[in-house]
Amino acid sequence: MSERTTVTNRSKKSAEAIVAVRRRAEREGELEDVPLEDARHQKPGQPGRTVRRQGEAGSEAGRDEAGSARQDREGSGREDLLGQALARENLVLAWKRVKANRGSAGMDGLSISDTADYLKTHWSRIRADLYAGRYRPKPVRRVQIPKSTGGRRELGIPTVTDRLIQQALLQVLQPRIDPTFSEHSYGFRPGRRAHDAVLQAQRYVQDGYRFVVDVDLEKFFDRVNHDVLMHRLSKRIEDKAVLRLIRRYLEAGVMHNGVAIERHEGTPQGGPLSPLLANVLLDEVDRELERRGHRFVRYADDCNVYVRSQKAGERVLRGMRKRYERLHLKVSEAKTAVASAFGRKFLGYSLWLNPWGHVRRAVAAPAIKAFKRRIRQITRRNGGRSLSDVATELRRYLLGWKAYFLLAQTSRVLRSLDEWLRRRLRALQLKHWRRGTTVYRELRAMGAQRRQAAAVAAGTRRWWYTSRGELHKLMPIAYFDRLGVPRLS
């Protein structure tokens, strides 16, 4: 009996030694290097079957279907998450995603194509540094983009190499962490989108919860406390190598005007990991609201809690302030309020009540103002572009805008926007023709009668006033359909 036990123990030790040697070989880069551009994506095995991985993934068997959140959580301490992130198949998928997202170069000035050439000769060293814990991400490049509601939003653009590594980490971490998030969270999650959040908010209001606690966090991505975030993240994953690498990304700093600025808080928008980390931090507030039985919807740092009275909303807001303070986050006093759910903006939409008591969706007033501001920029009459060029730019913008606001149940408002847009295009065309003789000649060529053409030509230099009336008949909706300008209604 003792001899059998001795043989069994020796077998276990031999197996552990083989696995240890194999992992050491992977970390020292002894396995085959495959350039990202030349690697082929291999088809996954059949669901439920065990697939043997090669190359950087090592020889350990891995299942190609995601386990439950509890299984992932219990096994995360034993899993080599960094090895899975740097596996050949995962890197190929990450590179395809980075290329598809395009984006500009980081502080090193290397574009996506330049980075592809760079990685062909330097990836082995980078991978070895990642395994050894020596890798240091480069500072992000600070850029500012205009907000749709005015003002500017600050973004941090990592280098393409760091975007690749972050994307590879995201593809491994998200299937494990995302199932642990609240069902009331909709932002930056697979299979969820802003439309789902808007529809859920509409259902709450239709059920009688007519007051909303509209909470907005002040400069959320700039105020994330690194220690608090890493503590919450360590509860979900236990791979110290991955935690160390994520911490270094948080502390990478910002390059501004050629000067590297250290960062002690915040997770810059622009990196693939930032949305996941934001949800990790804010999930604590979601769970507290769930324990209290509240009806709420959260999309990133925008959280709406729906209640039945003003007093109840104020009580909820006091509790949320305390919870956010524990996370070292600050509530924006200017944007946070307890108010009627009708007319309050949420993700560009607002809600209204029709005469039959049904809650309906509309494009929020600030979103309409932002739309008109953008249309004025595209159709400005001193741009020096032809009407067809303007129509091409309008098509790109309008198709995206229409796809996002397709839930709007206000056809009359959309028709009025259509009419306003076409009138601006008519005024733009008049400005291009400028002289009355040119206007007369061009309108006659379009088939206008002499009386019609003369009436329009007489109103030159009053572009907006003249763009209605007879010109409306000569340049109808079908005219702009032929130019490719999409209709909103």
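The shown structure was predicted, so the numbers you read here are calculated from the model rather than taken from an experiment.

Attention now moves to the overall build of the protein chain. Looking only at helices and strands, the protein chain features 20 helices and twelve strands. Taking all 489 residues of the protein chain together, 47% fall into the buried category. Here the contacts in the protein chain between residues at least 6 apart in sequence split such that 72% fall between residues at least 24 apart. For the protein chain, the exposed surface amounts to about 26100 Å²; the carbon and sulfur share of it is 48%.

Pairing is antiparallel across the open sheet formed by four strands, whose spatial order is β8-β9-β5-β10. Whereas interior strands pair on both sides, the edge strands pair on one side only; in this sheet they are β8 (295-299) and β10 (337-340). For this sheet, the mean inter-axis angle between neighbouring strands, taken without regard to orientation, is 20°. Where strand β5 (residues 211-216) and β10 come together, four bridges link them in antiparallel fashion. Paired with F211 across the bridge in β10 is S340. Contacts between helix α7 (residues 194-206) and the sheet are confined to β8 and β9 (302-307), with β8 contributing the most and set at about 160° to the helix.

The next thing to look at is the confidence of the model for the protein chain. Residues at a pLDDT of 70 or more form 81% of the protein chain, whose mean pLDDT is 83. The model gives residues 1-8 a pLDDT under 50, and that stretch makes zero contacts with residues more than four places away or in other chains. For residues 25-77, every residue scores under 50 in pLDDT, and the model assigns this stretch 89 contacts once sequence neighbours within four places are set aside.

Given a rise of 1.5 Å per residue, 14 residues ought to cover 20 Å, and the 20 Å separating the end C-alpha atoms of helix α13 (residues 365-378) matches this to within 8%. Against the buried residues of α13 lie β12 (359-363), α14 (387-404) and α15 (411-433).

Here the focus is the pattern of salt bridges. Following the criterion strictly, the structure yields 22 salt bridges and no others. A salt bridge links D129 to R134, with the shortest nitrogen-to-oxygen separation between them at 2.8 Å. Ionic pairing is found between R287 and E290, a salt bridge with its closest N-O pair at 2.9 Å. Pair noted here: R287 and E290 are both in helix α11 (residues 274-291), with a separation of three residues, about one helical turn.

Another point: the packing of aromatic side chains. Applying the stated rule across the entire model yields ten aromatic pairs. A ring pair is formed by F188 and Y299, whose centres lie 5.9 Å apart and whose planes are at 50°; its orientation type is tilted. Here F188 is found in the loop between α6 (160-177) and α7, whereas its partner Y299 is found in strand β8, with 111 residues between them in sequence. On the accessibility criterion, Y299 (18% relative accessible area) is buried. Where F371 meets W401, the ring centres are 4.6 Å apart and the plane angle is 45°; that geometry is what we call tilted. Pair noted here: F371 is in helix α13 and W401 is in helix α14, with a separation of 30 residues, a long-range link. Taken as a pair, F371 and W401 share a single burial class, namely buried. An aromatic cluster is defined as three or more aromatic residues linked by ring pairs; in this entry it consists of Y349, F371, Y397, W401, Y404 and F405. One cation-aromatic arrangement involves K372 over W420; the distance from NZ or CZ to the ring centre is 5.3 Å. Just above the ring of Y397 sits the side chain of R374; from NZ or CZ to the centre is 5.9 Å.

Glancing now at the side chain of Q174. The topology assignment puts Q174 in helix α6. Overall, Q174 belongs to the buried group, its relative accessible area being 17%. Not counting residues within four places of it along the chain, the set of residues in contact with Q174 comprises P179, F188, P190 and L276.

Here the focus is the packing of α14 against α15. Following both chains from N to C, one finds α14 and α15 inclined at 165°, their axes separated by 11 Å at the closest point. With respect to α15, the axis of α14 lies roughly antiparallel. In terms of crossing hand, the pair formed by α14 and α15 is right-handed. Where α14 approaches α15, its residues L387, V390, L394, L398 and W401 are matched on the opposing element by L414, L417, L421, L425, L428, Q429 and H432. Among the residues forming the contact of α14 with α15, the class breakdown is ten nonpolar, two polar and no charged.

What follows concerns the environment of M475. With respect to the helices, strands and loops of the structure, M475 is situated in the loop between α19 (470-474) and α20 (477-483). Overall, M475 belongs to the buried group, its relative accessible area being 0%. For the pair M475 and L425, spaced 50 residues apart in sequence, the C-alpha to C-alpha distance is 9.7 Å. Every residue in contact with M475, bar those within four places of it in the chain, is listed here: L387, R426, Q429, M446 and F480.

Calculation rules
- Residues numbered from 1 in each chain as written.
- Predicted model: local features only at pLDDT ≥ 70, side-chain atom pairs only at ≥ 80, totals over all residues.
- Heavy atoms only, no water.
- Helix = DSSP H or I, 4+ residues; strand = E, 2+ residues; numbered from the N terminus.
- Buried < 20%, exposed > 50% of the residue type's maximum accessible area, 1.4 Å probe, protein only.
- Contact = heavy atoms within 4.5 Å.
- Areas by Shrake-Rupley, 256 points an atom, 1.4 Å probe, with all protein chains shown as cover.
- Pairing = 2+ DSSP bridges.
- Axes fitted to C-alpha atoms, helices over the stretch in contact; angles between N-to-C directions.
- pLDDT = per-residue confidence, 0-100.
- Expected span 1.5 Å × (residues − 1).
- Salt bridge = Lys/Arg side-chain N within 4 Å of Asp/Glu carboxyl O.
- Phe/Tyr/Trp six-rings, centres within 6.5 Å; stacked < 30°, edge-to-face > 60°.
- Lys NZ or Arg CZ within 6 Å of the ring centre and 35° of its normal.
- Parallel < 35°, antiparallel > 145°, perpendicular 65-115°, else oblique.
- Left-handed = near helix turned anticlockwise from the far one by under 90°.
- Nonpolar A, V, L, I, M, F, W, Y, C, P; charged D, E, K, R; others polar.

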